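Single-letter residue listing:
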Amino acid sequence: METTLQAPSIATSPNTGIEEINRIFQLQQANRQNIKNTTASQRRKKLRDLKNLIFEQREAIQNALHADFRKPAAETDITEIYPAVSEIRHAMANVADWMRPVPVDTPLSYIGSSSKIIYEPKGVVLIISPWNYPFNLCIIPLATAIAAGNCVIIKPSEYTPNTSKLVKSLLGKLFQENEVAVIEGDHRTSTELLKLKFDHIFFTGSPQVGKVVMKAASEHLTSVTLELGGKSPVIVDETANVKTAAKRIAWGKYLNNGQTCIAPDYLFVHESKYDAFVEEMKKNISHSYGEQEEQRATSPDYCRIVNSRHHGRIKQLIENAVEEGANVAIGGKIKDEENYISPTILTNVPADSKIMQEEIFGPVLPIHKYSNIEEPLKMINSKEKPLALYIFSTRNSNIEKIINNTTAGGTTVNDTLLHVNHPNLPFGGVNNSGIGSGHGIFGFKAFSHERAIMKQPALFSAAENMYPPYNKLAKKMIELTLKYL
């Protein structure tokens, strides 16, 4: 069966040939046992060297992100560099504990034996990273893959060629290609990589492409971690602090120009807070990016849509919503020549409009009014399970009701986005929003096999009493085991 990724309209990273891909893959296959047997201190040193190199190349990373989609340096620091070095630090501090065998209790029926779980690396793994956080989402899974003792091939996004080129250069300074290699290219390169028998694939991207990756992985029975996306809702109830909620939601929405898989995608605001909330959102947009539209268009703190293809898609979503009756409360200004869409709020958005059906992944926020909590719960549960759900409330009963009556990959209460970088929380989705989890020990486990080890005494086993022939003693032991053990 041929598995092919959909061709993008823009591809600027150089493609890597099939022979080169196979050469690197075979080198890693030959080296996997050596990397598997590395100690905690050896893995910690690799992580430390990676962290130090990131700090040394901080300005280069900032420049690459700005070249790809005008990302502000400060935003690169807090959304690309900090999450990466934070993950590395956490892995350095914990890798020895994560690698340690875990003893398990022995049931009476196994008397005399001892058992434990050991974490062994899966082997040669593939990381396919996206364009929206092209540095962060390369390095975070890489850190846990290194901690778990794997050989790694990274396929970065062709949509952010400057960052992809820099990642390849940086990792080439630290690692031989038989341990960590970066392979650049477009959908054709990804298709060739997916034909290979990797031991695990870690993919971050859209549900549509996630299905292609999972289908390809099934040909080799390869395990997958899929970090996908979807429409992440927000509920602002009648008890919420409007100023605080608007400030935090505006930050979470317009960070990275809305190109965040867990960005607030659509809002429900209680009717008693609705008008005040919309006004506070406008104030936060003006404060962060400029009082007037032209100021926002020239703000150094507001990045761009990554390319014309995605820009055109979001532009059509706005136009379609307005045609169907939505109002533009603020924003809606577009400059095609620079992939610019101003921070936008839409009100009175029809529930069946296209913008309410697909993930927006841009700086446009539909806001709905509700009077009874059952209204937002019904709409949320009518859609695919989201990667994130946000609740703004000071009433615990409301918070618990929303959590207990919805499903989401993760939830932050009275803030947005922050759970993604909590080192002791898993990050992952459910069904359409993802499979499996990453970050911290959850990422370590994703790249590890939990191997069961049981050791019996050489001269005694209680199970021998139940071997055939099934005489009176054997039947008695079976009976006792069934009843009591």
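Quick notes on the rules
The numbers attached to residues start from 1 for each chain and follow its sequence in the written order. This being a predicted model, a pLDDT of at least 70 is required before a residue's local features are given, and a value of 80 or more before pairs of side-chain atoms are given or counted; all residues contribute to the totals for chains, interfaces and linings. To get the side-chain values, take all heavy atoms of the structure and skip hydrogens and water. To qualify as a helix, a DSSP run of H or I must reach at least 4 residues; to qualify as a strand, a run of E must reach at least 2; elements of each kind are numbered from the N terminus. The rule is simple: take the accessible area with a 1.4 Å probe, protein chains only, and divide by the maximum for that residue type; under 20% is buried, over 50% is exposed, in between is partly exposed. Here the term cavity refers to a set of points on a 1 Å grid, laid over the protein atoms alone, in which a 1.4 Å probe fits but cannot get out; the term pocket refers to an open set having protein on both sides within 12 Å along at least five of seven lines, with lining residues being those that place an atom within 4 Å of a point. Grid points are joined across faces, edges and corners, and a volume is the space filled by probe spheres set on the points. Gly is placed with the polar residues, together with every amino acid not listed as nonpolar (Ala, Val, Leu, Ile, Met, Phe, Trp, Tyr, Cys and Pro) or charged (Asp, Glu, Lys and Arg). Here the rule is simple: two strands pair whenever DSSP picks up at least two bridges between them. Axes, fitted as lines to C-alpha atoms, cover a helix only where it is in contact. Angles between the N-to-C directions of the axes lie from 0 to 180 degrees. Throughout, a contact is declared for two residues whenever any of their heavy atoms are within 4.5 Å. Note on aromatic pairs: the rings of Phe, Tyr and Trp (six-membered ring only in Trp) are paired at centre separations within 6.5 Å, and the planes decide the class, stacked below 30 degrees, edge-to-face beyond 60, tilted for the rest. Each residue carries a pLDDT score, the predictor's own confidence in it, on a scale running from 0 to 100. In plain words, nonpolar cores are sets of buried Ala, Val, Leu, Ile, Met, Phe, Trp, Tyr and Cys residues tied together by side-chain atoms within 4.5 Å. To estimate the expected span of a helix, subtract one from its residue number and multiply by 1.5 Å. Polar contacts, as used here, are pairs of N or O atoms within 3.5 Å; protein pairs need one atom able to donate a hydrogen and one able to accept it. Residues neighboring in sequence count only if both atoms are side-chain atoms. Salt bridges, as used here, are contacts in which a Lys or Arg side-chain nitrogen is within 4 Å of a carboxyl oxygen on Asp or Glu. A patch consists of residues exposed above 30% relative accessible area that lack any salt bridge, with like charges linked at up to 9 Å and nonpolar side chains (Val, Leu, Ile, Met, Phe, Trp, Tyr) linked at up to 5 Å. Calculation of accessible area relied on Shrake-Rupley with a 1.4 Å probe; when residues are assessed, cover is drawn exclusively from the protein chains displayed.

**Q** Sorry, what's going on with unusual backbone geometry here?
**A** A negative phi angle is the norm for most residues apart from glycine, just as the trans form is the norm for most peptide bonds. Residues Pro 468 and Pro 469 are joined by a peptide bond in cis, for which omega reads 5°. In the Ramachandran plot, Arg 70 falls in the positive-phi region, its phi being about 55° despite a non-glycine side chain. Along the polypeptide, Arg 70 turns up in the loop between α3 (58–69) and α4 (73–99). The exposure class of Arg 70 is partly exposed, given its relative accessible area of 33%. Backbone geometry at Asn 256 places phi at a positive 60°, although glycine is not the residue there. Looking at the secondary structure, you find Asn 256 in the loop between α9 (242–254) and β9 (264–270). You can call Asn 256 buried: its relative accessible area is 0%.

**Q** Hey, could you run me through the layout of surface pockets in this one?
**A** To find leftover empty space, a probe the size of one water molecule is rolled over the atoms. Taken as a whole, the largest pocket holds about 1200 Å³ of empty space. The wall of the largest pocket is formed by 41 residues, among which Gly 205, Ser 206, Gln 208, Val 209 and His 310 lie closest to the centre. For the lining of the largest pocket, the secondary-structure elements that each account for two or more residues are α7 (187–194), β6 (200–204), α8 (207–218) and α12 (308–323). Taken together, the residues that form the lining of the largest pocket break down as 16 nonpolar, 15 polar and 10 charged. The space that makes up the second largest pocket amounts to roughly 370 Å³. Lining the second largest pocket are 22 residues, and of these Pro 83, Asn 136, Leu 417, Val 420 and Asn 421 sit closest to its centre. At the level of elements, α4 and α5 (136–148) are the ones that each hand at least two residues to the lining of the second largest pocket. Looking at which element gives the most residues to the lining of the second largest pocket, the answer is α4, with four residues.

**Q** I would appreciate a short explanation of the sheet that holds strand β15 (residues 388–392) in the present structure.
**A** Within a sheet, neighbouring strands are paired by backbone hydrogen bonds and run either parallel or antiparallel to one another. One open sheet accounts for seven strands, arranged β10-β13-β14-β9-β8-β15-β16; its pairing is mixed. Every other strand in the sheet has two partners, leaving β10 (327–330) and β16 (410–413) as the edge strands with one partner each. Along the sheet, successive strands turn relative to each other by an average axial angle of 25°, direction set aside. The sheet contact formed by β9 and strand β14 (residues 364–370) spans four bridges and is parallel. The residue bridging Val 269 from the neighbouring strand is Lys 369, located in β14. Lying on the sheet, α9 is in contact with β8 (232–236), β9, β13 (344–347), β14 and β15; it crosses β9 at an angle near 160°.

**Q** Whenever I open this one, the packing of aromatic side chains confuses me. Can you help?
**A** For any pair of aromatic rings, the description consists of the separation of the ring centres together with the inter-plane angle of the planes. Summed over the entire model, instances satisfying the criterion amount to nine aromatic pairs. Consider the rings of Phe 25 and Phe 198, whose centres lie 5.0 Å apart with planes at 70°: the pair is edge-to-face. Of the two residues, Phe 25 sits in helix α1 (residues 18–36) while Phe 198 sits in the loop between α7 and β6, which places them 173 residues apart along the sequence. Each member of the pair Phe 25 and Phe 198 is classed as buried.

**Q** What's the story with the confidence of the model for the protein chain in this structure? I'm lost.
**A** Reading fine detail from the predicted coordinates is not recommended where pLDDT is low. This prediction gives the protein chain a mean pLDDT of 95; 97% of its residues lie at or above 70. This model gives residues 1–11 a pLDDT under 50, and the stretch forms 31 contacts once residues within four places in sequence are excluded.

**Q** I'm lost on the nonpolar core in this one. Help?
**A** Within soluble globular proteins, side chains that are nonpolar tend to cluster in buried spots. Counting residues in each nonpolar core, the largest one holds 82 residues, and the members touching the most others are Ile 54, Leu 142, Ile 249 and Phe 277. The element that contributes the greatest number of residues to this core is α5, accounting for nine residues. Not counting residues up to four positions away in its chain, the partners in contact with Ile 54 are Ile 61, Ile 81, Ala 84, Val 85, Ile 88, Phe 135 and Ile 139.

**Q** Got a minute to help me understand helix α6 (residues 161–174) in this structure?
**A** Helical periodicity: at 3.6 residues per turn, an α-helix aligns residues three or four positions apart in one direction. In a regular helix each residue adds 1.5 Å, so 14 residues correspond to 20 Å; α6 covers 20 Å between its end C-alpha atoms and thus fits that length. Lining the buried residues of α6 we find α2 (40–56), α3, α5, β4 (151–155) and β5 (180–182).

**Q** Which parts of the structure should I look at to understand the environment of Gln 29?
**A** For Gln 29, the location among the structural elements is in helix α1. Classification of Gln 29 by relative accessible area gives partly exposed; the value is 21%. Discounting residues that sit within four places of it in the chain, Gln 29 has contacts with Val 124 and Lys 197. A distance of 2.9 Å separates a polar atom in the side chain of Gln 29 from a polar atom in the side chain of Arg 32.

**Q** What's the story with the pattern of salt bridges in this structure? I'm lost.
**A** Close approach of charged atoms allows side chains of opposite charge to pair. Per the counting criterion, the structure on display carries 26 salt bridges. Linking Glu 120 and Arg 451 is a salt bridge whose minimum nitrogen-to-oxygen distance equals 2.9 Å. Linking Glu 120 in strand β2 (residues 114–121) with Arg 451 in strand β18 (residues 448–455), this pair joins segments that are 331 residues apart in sequence. The partner of Glu 293 in a salt bridge is Arg 296, with the nearest N and O atoms 3.0 Å apart. On the criterion of helical spacing, the pair formed by Glu 293 and Arg 296 is a turn pair, its members being three residues apart in helix α11 (residues 293–297). Of the two residues, Glu 293 and Arg 296, neither departs from the other in class, the shared state being buried. Put simply, Glu 20, Arg 23 and Glu 177 are held in one network by salt bridges that share partners.

**Q** For this particular structure, what's the right way to read a nonpolar patch on the surface?
**A** A contiguous nonpolar patch, built from Leu 108, Ile 111, Phe 460, Leu 480, Tyr 484 and Leu 485 and spanning about 640 Å² of accessible area, is present on the exposed surface. Among the structural elements, Phe 460 can be located in the loop between β18 and α16 (472–484).

**Q** Would you mind going over the environment of Val 420 with me for this structure?
**A** With respect to the element layout, Val 420 can be found in the loop between β16 and β17 (434–435). Under the relative-accessibility criterion, Val 420 is labelled buried at 16%. Note: C-alpha distance between Val 420 and Ile 262 (158 residues apart in sequence) is 8.5 Å. Aside from chain neighbours lying at most four places away, what touches Val 420 is Ile 262, Phe 427 and His 439.

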